[in-house]
Every structure is written in C-alpha cells, then in structure tokens.
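So the chains spell out like this:
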Amino acid sequence: GDEGPGEGGRGDEGHFKDANNEELSYKNWSGRRFLLQKLPKNKSLDEAQHWLNKYKVLENAMDAIFEGNDMAAKVEVIVEYLLTRHADDAKDALRKLGVLPKVLDVYEMSATMEECSIGIGTWRKLVQCFKEFMQVDSISVSEDAWRKLGADVGEIKTGTFEYTKSKKKGASRTEKGSYWAMDPREELERNLSDIVNNYDNFDPSWVDAIQALYAGDHGKGKHRFACKTVLHLTVPGGKKVCETQIYPLADIKATKDTCEIFKKSIHEHLAPGINQVVHGNVLFKQVGEGDARKWECKIVDDKHADFKHPLNAKGVEAFMVGDLKFYSQMLGKEDFASAWCCLCQLKHAQWQGLADTPGVLWTLDLIKQQHDTNQEHGHTGADRMGVREYPYFDIPAENYIWPILHTLIGVGNNILDHLVEYADHKIQLLPGRQIILRDEVKEIDKEIADDEESIAHFTSPNFGSGSDTIRSIKVKISDCRGLIRTHQRSPELAPTVDVPTVEAEIEKYEKEIKSLEDDLAKMKENVKKLKRSRKSKTDAIDTIRSSRKLDNDSLYTGIDRILQRYKINRAEYHGGDLTGVDIKKLMHDAANIMKEIREYLINSLHDDSNETEQSIIDKCGNVETLLTLWDGILSNLHTRFPTTEVCDETQKFVDAAIKLAHEMGMSKTVKGHGAERHIVSQMRRVYGGLFEFDEQWAERIHQEGYKYDMKYRSRSEAKAAYVRVSNTRRSTKPQTQNAMKRVKQRFKKGPLKRTLDNEEEERKAKRERRLAAVEG
C-alpha cells in the first residue's frame with residue numbers, strides 16, 4: 001500500500017497495544033527506547049486542545065522523559081523551554097491567561113499615576129519594587145512613551161512685571177509678578193481633536209453643540225485662568241452624550257488681583273485666541289492615510305472657504321464662568337461688582353424690595369457706548385453706571401453665566417449671619433460694643449492672612465519672589481566686584497572697566513537689597529502689630545463677658561458647635577464664612593440642624609429678652625424654609641436639559657425665597673437679584689442647561705494648580721508650567737479617562753438597598769418641603 005517500510009507493521013502493533021492497554025515504543029540502533037504517542041494532525045486549535053486534554057499527551061510525555069514524581073519541577077522545565085525558545089509568544093500567552101500581569105499601555109500607566117497622585121520619580125521606584133518582589137520583567141511601557149504622551153503641548157509664553165501693592169494708611173511697596181499663558185484657540189482645537197478621535201467612525205453630524213467655558217479665579221497669591229471644553233453629541237442609536245475636557249490656560253503670580261495686573265500679564269496672550277473662538281466655527285477635517293487617518297479640528301473665520309460647510313463646519317459658543325468680581329473686571333466694570341449688576345443696568349437701590357422691575361440687559365456695544373459717553377462728558381459716580389473701560393474679550397455679555405457656586409456661598413452665609421445676628425441681639429442681648437469688637441477681630445484676621453500671604457510670596461524660592469530678586473541682585477554685585485578685582489590685578493584683562501561707575505552700580509544694587517529687606521521687615525512688623533491689636537480686642541470681649549457674668553461661650557460659638565456636629569466648619573474659610581461644600585451640607589441637613597439650633601436658642605433665652613418660645617420657633621422655621629428653597633434651586637440648576645416645567649419650578653423657588661427673605665427683614669444682595677432676574681433665563685437659553693456651568697470645576701483647577709506650585713516651587717515659572725500642562729494633557733486624554741473609569745467601576749462599592757431606599761424617601765420628603773415652602 002501507501003505505507004513506508006515498517007509503517008504497516010507499527011500500525012498493526014499499535015492496534016494490538018491499544019487493545020491490551022500497553023505502551024507503544026521502540027528501540028533505535030543504540031538500544032535507546034522511545035515512547036510513541038498518537039498526535040493530532042492538521043486539527044484546529046480547539047480540536048487539538050480537546051485531543052490533548054483527552055489523551056493527556058503532555059503529562060505522558062513528561063512522565064516518559066523525566067524521572068521521579070516532582071511535577072512542579074517537570075512543569076518548570078517545560079515553561080523554561082518555552083520562554084527560552086519562544087519568549088515573546090510564551091509571555092503573551094501567559095498574560096492572556098492571566099498568569100503574568102499585563103504590561104500597562106501608556107494610557108493605563110498615566111491613569112495609574114493620576115489615580116495615585118504620584119509623579120514619574122515615585123512611579124520609577126514602584127516599578128523597581130514590582131520587578132524585584134514580583135519577579136516580572138516589565139510593568140508598563142517606557143518612561144519615554146509616557147513623556148511623549150504629554151509632549152503635544154502648545155507654546156507657553158512667560159514674562160515678569162512689577163506692580164505696586166498699596167496698604168492702608170497710604171503705605172505701599174513694589175512687588176514683582178510673573179505669568180505664563182497659552183493660546184486658547186490652539187488648546188481648544190487640540191482637546192476637541194482628542195475627544196472625537198476617541199470615537200470609532202466619528203461623524204461631524206453627531207455634533208449638537210460645542211461650548212468653550214472660560215474661567216478665572218484668584219487665591220493664595222495666584223490668578224488662574226482655565227477652560228472647560230464641552231462637546232454635546234448624539235451618537236448612533238439616538239443616545240445623547242456630553243464630553244468634557246478641563247485644562248489650564250494661564251497663571252499670574254501676584255498677591256494683588258486687579259485689572260492692571262491682568263493687562264500687564266496674560267490679557268494680550270489670551271484675547272486674540274478667545275476672540276477667534278467667539279467669531280469662528282469649528283471645521284472637522286480628516287487627515288492622514290490608512291491606520292494613521294484621524295480627525296483634525298480647526299477654528300476658522302468667516303473668510304475661510306469652508307466656514308459654512310453644511311456637514312463639517314459647526315458653531316462654537318464661548319462663555320465666561322467665575323465670581324462677580326472677575327466678571328466686573330472682564331467687562332470693564334472693576335470695583336462695581338456689588339453696587340451694579342454685571343448683566344443688567346440696575347444698581348443696588350433699584351433691585352431692593354419686591355416690586356423691582358427687570359433692568360435693561362447689557363451688551364458689549366452698550367458697555368462700549370457707556371464708556372465713550374463717560375469719557376466725553378467726564379461722568380463720575382452713578383452717572384458712569386459702573387463702566388470704567390471696554391470689555392476685555394468679545395464674549396457676549398449675556399454669556400457671562402450667573403455664578404451658581406458663589407451665589408450659593410453668598411446666600412447661605414447671609415442666611416446664617418441673619419440667624420446669628422438674631423441670636424446676638426434678640427436672644428442673648430449682647431452689648432453692641434461686643435458685637436463690634438467681634439466684627440473687628442474678623443477684619444483683623446483677614447488683614448493678617450493677607451500680610452502673611454505677602455510674606456510667603458516674598459520669602460518663597462520661586463522665580464520672581466523677593467528672595468529670588470535679592471539672590472539675583474547679589475549675583476550682580478558679585479560680578480561687579482569680580483570685574484573690579486580683575487581690573488586691579490590684571491588691567492590688561494579688563495581695560496574698559498571704569499571702577500567708580502562699577503562701584504556706583506554696586507551701591508545702587510545694595511540699596512535695592514536694603515529696600516527689599518526693609519519691605520519684608522515692615523510686613524513682619526505689621527503682622528505683629530495686627531496680632532497685638534487682635535489680642536487687645538479679644539481681651540476686651542472677655543472683659544465684657546465677665547462683667548455681665550456670661551458663660552464663656554456666646555450663642556455665636558454655640559451655633560458653631562452645632563454646625564460642627566454636621567462637619568460644617570467656619571474656620572475653613574477666609575474671614576469666618578462657610579465654603580460651598582459647607583453651605584451644601586447646611587442646606588441638605590437644614591431640618592435637623594435647625595431643630596437643634598431652635599432648642600438651643602429656646603434654652604438660652606435671656607431673662608430680659610422680648611422674644612418668646614413661639615417667636616424663636618417661627619424664626620428658626622423661616623430660616624429652615626429659606627435654606628430648603630435654596631437647596632431646591634441648586635438642585636434644579638444642576639439638571640441636564642431641564643424641561644420648561646423644571647425651569648418654571650426653579651423660578652417659583654427663587655421668587656418664594658426672595659419674598660420670604662424680604663419678610664424676614666433681609667436686604668436683597670446682588671446675588672439674590674441675579675438669581676431672581678437672570679439665572680433661570682440663562683437656564684432656559686443655554687443648550688443643555690447649566691449643569692456644566694457650576695464654577696466648582698474652576699475651583700478644582702485652582703486647587704490642582706496650588707498642588708503643582710508646592711511640588712515644583714524650586715523651578716522657574718516656565719518649567720513648572722510645562723510640567724503641569726504636559727501632565728494635564730496626559731490625564732485628560734480620553735483614553736486615560738476611560739482607563740480611570742474602568743478602575744472606579746470595578747472597585748466602586750454600591751450603596752445597600754436599604755440606603756438607596758432611605759435616600760429616595762429623603763428626596764421625596766425634601767421635594768414635598770420645597771413645594772410646601774412655595775405654596776406657604
């Protein structure tokens with residue numbers, strides 16, 4: 001037949017051996033015995049795996065080849081063989097089976113570092129430990145790949161400037177500031193491209209709206225300017241998706257926050273790019289070939305041929321987000337944040353009461369016209385209507401979104417202050433002098449904090465600080481003295497040196513150092529003086545208390561103790577006010593908190609007070625209702641795509657809150673006016689509602705920036721800015737964000753069903769209280 005020599009015989013022998021359950025083997029010419037096994041031929045992987053498992057081919061082979069019963073040793077030899085002869089394939093197979101850890105790709109590496117809040121130095125140490133203790137060759141892609149991920153950053157422009165910081169009683173001093181800034185247009189293009197290229201088969205027809213939210217905030221000696229890109233999509237299947245990217249655009253290092261400093265530093269670097277965004281469209285264009293093909297997003301103006309392309313050109317709307325002080329500065333209305341509304345032409349006296357009428361809305365053209373009129377006629381005071389100069393950007397005035405977070409902070413603190421004032425004057429009958437002293441202590445605390453911030457800025461090693469300036473001047477002095485020594489020892493090496501001129505330079509530099517050191521000494525002495533003044537006032541308060549035989553604690557302190565039981569702390573914020581987080585807690589737990597405060601005030605009622613238990617109950621009930629209404633307003637403002645019914649309900653909550661506050665004798669602040677007249681209309685008009693516009697994201701940018709400042713304080717502003725921007729690029733890549741979401745989703749512990757049920761019951765109860773407050 002077709003069998004070769006001896007093959008037919010071995011086939012018959014094989015059948016015989018199988019029938020008798022015996023091994024099939026043969027000896028070669030040297031007498032060495034070989035075991036023969038059946039092996040599958042030309043089988044699929046699945047069939048072959050089934051055959052190997054059924055007949056235990058590998059186990060039989062190891063038993064035949066190796067002596068003894070140490071299976072672990074036998075397996076080790078086989079694995080070592082595979083890793084030696086087929087290293088890459090073997091490791092890939094082991095990773096796929098979960099035996100070896102997977103090598104992190106560059107996005108997973110970046111996500112891990114972001115989740116753990118570590119830098120590349122700490123990451124390097126972790127990798128070394130993993131390699132040693134886990135005996136693995138590779139944990140992640142290389143550091144070079146990680147660095148490249150954050151290398152696609154735009155140009156960072158830097159500079160320094162001087163400014164005069166004025167103090168009370170006419171004193172002033174010169175400080176040096178520094179800044180860095182990036183092009184807002186280029187950064188928007190870059191981040192939009194990142195978002196859309198994260199989608200397979202993206203199509204510009206998916207785009208519903210593009211929004212660029214610009215924000216500024218000052219604190220801890222830094223003004224920070226940032227952007228939040230919001231991209232609304234409707235993906236195949238009809239699902240609406242909202243993608244966001246948050247990234248820094250500029251920093252100003254200065255303890256003073258004024259328009260003068262803004263114009264001296266980052267304005268000229270930001271304005272062209274932001275104005276291009278305001279007047280431009282986003283053009284989506286595919287570039288590259290094959291696997292390298294991707295989408296590129298460009299801002300184009302109306303002169304571009306594809307400015308109105310029916311498929312690939314999409315409009316972009318720019319907004320401003322921040323506090324009212326920032327708005328007044330950007331709109332050319334510096335120092336008028338509380339006296340005039342930034343969105344309409346009403347002043348403080350005109351929006352008081354319940355019968356005020358809506359004011360004429362400002363536009364950029366109207367602000368410019370008012371400035372021109374002021375200049376032409378020399379208007380001052382109220383005649384200038386709060387306008388000092390032209391707006392700084394072309395962002396429409398109506399796109400300055402009324403500040404949700406800062407309105408919450410302002411309103412919440414006003415309600416709490418009203419309650420404390422009631423307790424002081426009506427319940428405890430504190431002497432007016434004691435209340436005045438307490439308020440003066442608060443103001444002194446603010447001054448001390450301001451001076452200590454200036455001292456910290458001066459003494460820091462950062463570029464542009466007072467200490468850095470002194471070091472630089474000392475280097476110049478050293479260089480000058482070196483020139484003189486060289487001239488004296490070897491005149492031929494420095495023949496052009498004029499010794500008297502150089503000595504005059506040294507004298508000038510020494511005076512500059514003396515002036516800077518005197519400034520620092522004055523600041524330190526002023527802090528000491530303020531602290532002495534503070535102590536004298538607190539001693540006076542203690543004297544008043546002891547003379548009236550009062551308890552050590554005022555009702556102010558007692559109310560604070562109740563708040564602290566709910567983890568609400570005044571001390572966390574400058575000047576004794578509560579932060580946004582604390583105000584939210586106050587509003588969320590209003591019913592329980594006010595119940596405790598009510599009982600506390602009733603038990604603390606002074607014998608000579610005209611208040612009664614019922615009047616205290618009424619007052620605390622009104623405060624609780626007011627907090628409940630504002631809690632409802634805040635909740636509704638954070639609704640995505642709010643319906644007409646939700647907007648109408650929000651306006652009812654606002655109207656009811658304003659009416660109740662008026663009946664309680666509280667004046668209407670600019671924040672209350674803005675909530676009453678502007679915020680709901682913006683909620684109706686802005687695509688998607690105001691969910692993405694809460695300025696809390698800008699506060700986070702400030703906190704992250706401060707963290708980087710502390711970590712890289714020994715570097716120049718330019719180098720520290722590059723590190724921060726490149727890290728932001730890595731962490732905000734959609735693929736990095738997706739990796740971080742995977743971690744959160746896998747290890748997030750969901751609440752118990754009982755907890756969910758309780759939360760749902762609480763939501764229903766709060767909604768009923770809000771509706772009852774409106775009807776009441």
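Residues numbered from 1 in each chain as written. Predicted model: local features only at pLDDT ≥ 70, side-chain atom pairs only at ≥ 80, totals over all residues. Heavy atoms only, no water.

**Overview of the packing of aromatic side chains**
The geometry of an aromatic ring pair is captured by two quantities: the separation of the ring centres and the angle between the planes. We count it as follows: Two rings from Phe, Tyr or Trp (for Trp, the six-membered ring) form a pair when their centres are within 6.5 Å of each other. A pair whose planes differ by under 30 degrees is stacked, one over 60 is edge-to-face, and the rest are tilted. Numbering of helices and strands runs from the N terminus, with a helix taken as a DSSP run of H or I at least four residues long and a strand as a DSSP run of E at least two residues long. Only protein chains enter the calculation, and the probe is 1.4 Å; a residue is then buried if its accessible area is under 20% of its type maximum, exposed if over 50%, and partly exposed in between.
A full pass over the atoms with the stated rule returns 16 aromatic pairs. Between Phe225 and Phe262 the ring centres are 6.4 Å apart and the planes differ by 45°, which places this aromatic pair in the tilted class. Of this pair, Phe225 sits in strand 6 (residues 222-234) while Phe262 is found in helix 10 (residues 259-264), placing the two residues 37 residues apart along the sequence. There is no split in this pair, since Phe225 and Phe262 are both buried. Summarising the aromatic geometry, the rings of Phe319 and Phe693 are spaced 5.0 Å apart at their centres and angled 80° between planes, so their arrangement reads as edge-to-face. Of the two residues, Phe319 sits in strand 10 (residues 313-321) while Phe693 sits in the loop between helix 23 (670-685) and helix 24 (696-711), which places them 374 residues apart along the sequence. Its relative accessible area of 0% is what places Phe319 among the buried residues. For Phe693, a relative accessible area of 1% corresponds to the buried category.

**Details of the pairing of strand 7 (residues 240-253)**
Selection criterion: Whether two strands pair depends on DSSP finding at least two bridges between them.
Strand direction decides the pairing type here: strand 6 and strand 7, joined by 13 bridges, are antiparallel. When the sheet's bridge partners are listed, Arg224 is paired in strand 7 with Asp251. The antiparallel hairpin formed by strand 6 and strand 7 contains 5 residues in its connecting segment, where Gly237 sits at a positive phi of about 105°.

**Quick notes on empty space enclosed by the protein**
What counts here: Cavities and pockets were defined on a 1 Å grid built from protein atoms only: a cavity is a group of points that admits a 1.4 Å probe but offers it no way out, a pocket is an open group of points flanked by protein on both sides within 12 Å along at least five of seven lines, and a lining residue is one with an atom within 4 Å of any such point. Grid points are joined across faces, edges and corners, and a volume is the space filled by probe spheres set on the points.
Counting across every chain of the model gives 7 cavities of 30 Å³ or more. By volume, the largest cavity is sized at about 90 Å³. For the largest cavity, the full set of lining residues is Ile404, Thr407, Leu408, Met587, Trp630, Ile633, Leu634, Leu637, Ala675 and Ile679. Mapped onto the lining of the largest cavity, the elements with two or more residues apiece are helix 14 (404-427), helix 21 (613-637) and helix 23.

**Some words on the pairing of strand 10**
Counting buried positions along strand 10 yields 7 of 9 residues, so the element is predominantly enclosed. Relative to strand 10, strand 5 (residues 207-219) is paired through 6 bridges, and the arrangement is parallel. Considered in strand 10, the bridge of Tyr214 is made with Met320. Summarising the sheet, strand 8 (residues 281-287) and strand 10 pair through 3 bridges and their orientation is antiparallel. By the bridge assignment for strand 10, Asn281 is matched with Gly315.

**Observations concerning the pattern of salt bridges**
Oppositely charged side chains are able to pair whenever their charged atoms sit close together. Rules: The salt bridge criterion pairs a side-chain nitrogen of Lys or Arg with a carboxyl oxygen of Asp or Glu, the two atoms within 4 Å.
Enumeration according to the criterion identifies 42 salt bridges in this entry. Each of the salt bridges in this network shares a partner with another, and the network as a whole consists of Lys222, Arg224, Asp251, Asp709, Glu717 and Arg724.

**Regarding the side chain of Thr628**
How we decide: Under the rule applied, a polar contact is a pair of N or O atoms within 3.5 Å (in protein, one hydrogen donor and one hydrogen acceptor; residues adjacent in sequence only if both atoms are side-chain atoms). Any two residues having at least one pair of non-hydrogen atoms within 4.5 Å are treated as being in contact.
As for its position among the elements, Thr628 is in helix 21. Relative accessible area serves as the criterion here: at 9%, Thr628 is assigned to the buried category. From its side chain, Thr628 meets the backbone oxygen of Glu624 in a polar contact 2.8 Å long. Ignoring sequence-local partners within four residues, the contact set of Thr628 consists of Ala590, Lys766, Arg769 and Arg770.

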